Amino acid sequence: MRRTVVQVVALVGVLLVLAGGAAALWVALASPPQWEVTQQGVVLTEEASGAQVGVELLFVALGAAVGALWGLVAGFVLRRLGWVVVPLTVAATLAASVLTWRLGVELGPEGPLASRDLPIGTRIPAQLAVDSPASFVVWAIAGLVGVFVVTWAAGRRPDVSERSAPALHP
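Residues numbered from 1 in each chain as written. Predicted model: local features only at pLDDT ≥ 70, side-chain atom pairs only at ≥ 80, totals over all residues. Heavy atoms only, no water.

Draft legend 1. Expanded view of a nonpolar patch on the surface. Among the surface-exposed residues, Leu69, Leu72, Val73, Leu94, Val137, Ile141, Val145 and Val149 lie close enough to one another that they form a single nonpolar patch of about 600 Å² accessible area. For the nonpolar patch, the elements supplying multiple residues, two or more each, are helix H3 (51–77) and helix H5 (133–156). Per-element accounting of the nonpolar patch gives the leading share, 4 residues, to H5. Tracing the chain through its elements places Leu69 in helix H3. In this structure Leu69 comes out as partly exposed when scored by relative accessible area, which is 46%. (Patch = residues over 30% accessible without salt bridge, like charges linked within 9 Å, V, L, I, M, F, W, Y side chains within 5 Å. Areas by Shrake-Rupley, 256 points an atom, 1.4 Å probe, with all protein chains shown as cover. Salt bridge = Lys/Arg side-chain N within 4 Å of Asp/Glu carboxyl O. Helix = DSSP H or I, 4+ residues; strand = E, 2+ residues; numbered from the N terminus. Buried < 20%, exposed > 50% of the residue type's maximum accessible area, 1.4 Å probe, protein only.)

Draft legend 2. Expanded view of the pattern of salt bridges. Inspection of every chain in the model, using the stated rule, returns 1 salt bridge. Measuring nitrogen to oxygen at the nearest pair gives 3.6 Å for the salt bridge that ties Arg102 to Glu106. One end of the pair, Arg102, and the other, Glu106, are both in helix H4 (residues 85–107), 4 residues apart, so they sit about a helical turn from each other. Here Arg102 falls in the partly exposed class, since its relative accessible area comes to 34%.

From the geometry alone we can't say anything about function, so treat these as descriptive.
Now the structure itself:
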């Protein structure tokens, strides 16, 4: 039992480290919308606002990769726990998605509210954001897909009794 607890804690720890790496990657690769300083104030053009979709899709893609990878490993290492792996995977990947989001917001650009007295024409990157709850759920779904793949693959292995049974030829 103690070994299992250590494995669960270690796996969740690895997932949280991966979430931190995903946050750094999200900050490095994201191209957030650009606010522009005009005579009317700081504005976000319609064209620039479309960049937010790319920021969120990158978050989802990173989550799908991290979640699926972790689900595969957790499904393999913890397979003897049975159904408990499913809620564990959901909870852990949702926590990782929130950690990635919050770290990305903290490490990323501050947005236009932090800027004061800038010359007209200055462009200010928007703060990273995730606007849809579904973006967080993708992390959990990808983790479950990893667990289900391992479960399916483990169920496909022939049992000892099947290997020793004589082959029937018509």
